[in-house]
Amino acid sequence: MTYTDTQLKQALAKMLPPNLIVWYRNPQFPSQAALRYCNNGAEVLDTELLHLCWLVESKLDIVGKHAMYRDALWELLGRPGALISATWQQRTIALAKVKGIEIV
């Protein structure tokens, strides 16, 4: 399935640690969150989204869910060892699968 960046950002926002606030209510999607900076409303850059994925990844159980995440990424990318080159979009899809978050 193909997802939009907005759908993926909304899913990633659901997985962020509770003490990290980097989202706001988007007027186009009043009932859904889209990742943005709080201070100036600028969109979060791709490199920053990778870092946010890392924050979620760092909270995965190292034995159980981390292995499930690795396998989900391998399945998505079609090759082992692809973890290092996975985009924030691919990481978000794999994280959502492991954490049971629906991408809508």
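Scroll up a little and you will see the structure.
What you see is a predicted model, and the numbers here were worked out from it, not measured in a lab.

1. Remarks on the overall build of the protein chain
Here is step 1: Of regular secondary structure, the protein chain possesses four helices and two strands.
Here is step 2: Going from N to C terminus, the protein chain has its helices and strands arranged as α-β-β-α-α-α.
Here is step 3: Per-residue burial over the protein chain gives 36% buried out of 104 residues.
Here is step 4: By sequence separation, contacts in the protein chain at least 24 residues apart represent 51% of the contacts at least 6 residues apart.
Here is step 5: Here the protein chain has roughly 6400 Å² of accessible surface; of this, 57% comes from carbon and sulfur atoms.

2. A few points about the packing of helix α1 (residues 5–15) against helix α2 (residues 46–57)
Here is step 1: Close contact between α1 and α2 brings their axes to 10 Å; oriented N to C, the two are set at 40°. Considering how the two elements wind past one another, α1 and α2 form a crossing that is left-handed. Residue-level contacts link Lys9, Leu12 and Met15 of α1 to Leu49, Leu52, Cys53 and Val56 of α2.
Here is step 2: Classifying every residue of the contact of α1 with α2 gives six nonpolar, no polar and one charged.

3. Description of the packing of aromatic side chains
Here is step 1: The full count for this structure, using the stated rule, is zero aromatic pairs.
Here is step 2: Positioned above the aromatic ring of Trp74, the side-chain terminus of Arg70 is 4.8 Å from the ring centre.

The rules behind each value
Residues numbered from 1 in each chain as written. Predicted model: local features only at pLDDT ≥ 70, side-chain atom pairs only at ≥ 80, totals over all residues. Heavy atoms only, no water. Helix = DSSP H or I, 4+ residues; strand = E, 2+ residues; numbered from the N terminus. Buried < 20%, exposed > 50% of the residue type's maximum accessible area, 1.4 Å probe, protein only. Contact = heavy atoms within 4.5 Å. Areas by Shrake-Rupley, 256 points an atom, 1.4 Å probe, with all protein chains shown as cover. Axes fitted to C-alpha atoms, helices over the stretch in contact; angles between N-to-C directions. Left-handed = near helix turned anticlockwise from the far one by under 90°. Nonpolar A, V, L, I, M, F, W, Y, C, P; charged D, E, K, R; others polar. Phe/Tyr/Trp six-rings, centres within 6.5 Å; stacked < 30°, edge-to-face > 60°. Lys NZ or Arg CZ within 6 Å of the ring centre and 35° of its normal.

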